[in-house]
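In case you want the letters, here they are:
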Amino acid sequence: MPVAENASLIALGTQVPRLADDAFVADGARIIGDVALADSVSIWYNAVLRADSASISIGPRSNLQDNVSVHVDTAHPVVIGADVSVGHNAVVHGCRIGDGSLVGMGAVVLSGAVIGAGCLIAGGAVVLGGTQVPDGSLVAGVPAKVRRPLSDEERRGLIENAAIYLAHTRTHAAAQARSDPD
């Protein structure tokens, strides 16, 4: 899939972004430094991934939506698992997000936090640094707290959300390819 003409892939020293052949990077997105995008990852409009002092790794089929900011600390790389959705305007900083999780719009996940698999971080939540969230949890509030376990149906819905974004990616990539001059 294409990288948009108005997207930026920027090396920092010897650290160069690495993208799977079918990764999608939308207009205005910025991928900087030691960033690795796995198969079928989508980075949407104006998202910024800046890996200047540690690495950022995004797992297969994950999507980072419009205006998401991802950054690192020296001791805290960012690792986002497979089938993860990160909603519009979220901030992901020096943390780990488990497979099949969803970080809601405007949520903030801070350095050293570890979010388990199949979790829902509610929109606007602030997950404090060092927080450990068990698999399958609903997390909400400021500061964020585990509110309850998610049902199996809710966890399936998180995976379905990632699948919907995968379909959107193909549509947008095709449109982007048609509009790019050769």
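Here the structure is shown first, and the text comes after it.
Residues numbered from 1 in each chain as written. Predicted model: local features only at pLDDT ≥ 70, side-chain atom pairs only at ≥ 80, totals over all residues. Heavy atoms only, no water.

Notes on the environment of Glu 153
Heads up, the rule is: A run of H or I in DSSP counts as a helix once it spans at least four residues, and a run of E counts as a strand once it spans at least two, with each numbered from the N terminus. Burial status follows relative accessibility: with a 1.4 Å probe on protein chains alone, a residue under 20% of its type maximum counts as buried, one over 50% as exposed, and anything between as partly exposed.
Considering the arrangement of structural elements, one finds Glu 153 in helix 1 (residues 152-179). Given the relative accessible area of 60%, Glu 153 is considered exposed. Distance in space between the C-alpha atoms of Glu 153 and Val 109 is 24 Å, their sequence separation being 44 residues.

Quick word on the pattern of salt bridges
In plain terms, the rule: Criterion for a salt bridge: a side-chain nitrogen of Lys or Arg within 4 Å of a carboxyl oxygen of Asp or Glu.
For the structure shown, the criterion picks out four salt bridges. Among the ionic pairs, Asp 52 bridges to Arg 50, the shortest N-O distance being 2.5 Å. A salt bridge links Asp 83 to Arg 61; its shortest N-O distance comes to 2.7 Å. Residue Asp 83 is found in the loop between strand 9 (78-80) and strand 10 (85-86), and its partner Arg 61 is found in the loop between strand 6 (48-58) and strand 7 (63-64); the two are separated by 22 residues along the sequence.

Comments concerning the state of the cysteines
Note the threshold: A pair of sulfur atoms, both from cysteines and within 2.5 Å, is called a disulfide here.
Applying the stated criterion across every chain yields a total of zero disulfides. Here Cys 95 is not cross-linked by a disulfide; its sulfur's nearest cysteine counterpart is in Cys 119, at 12 Å.

Quick look at the pairing of strand 19 (residues 137-141)
Quick note on the threshold: At least two DSSP bridges between two strands are required for those strands to pair.
For strand 19, a buried count of four out of five residues is recorded, marking the element as mostly surrounded by other parts of the structure. The pairing of strand 16 (residues 120-121) with strand 19 spans two bridges and is classified as parallel. Bridging from a neighbouring strand, Ile 121 pairs with Val 139 of strand 19. Pairing of strand 19 with strand 20 (residues 144-149) involves five bridges; the strand directions are antiparallel. Bridge pairing in strand 20 links Ala 140 to Lys 145. Linking strand 19 back to strand 20 in an antiparallel pair, the connection comprises two residues.

Some words on the sheet that holds strand 5 (residues 42-43)
Spatially, 3-5-7-10-13-16-19-20 is the arrangement adopted by the eight strands of the open sheet, whose pairing is mixed. Each having just a single partner strand, strand 3 (24-25) and strand 20 make up the two edges of the open sheet. One ladder, built from two bridges, connects strand 7 with strand 10; its direction is parallel. Residue pairing in the sheet places Leu 64 in a bridge with Val 86 of strand 10.

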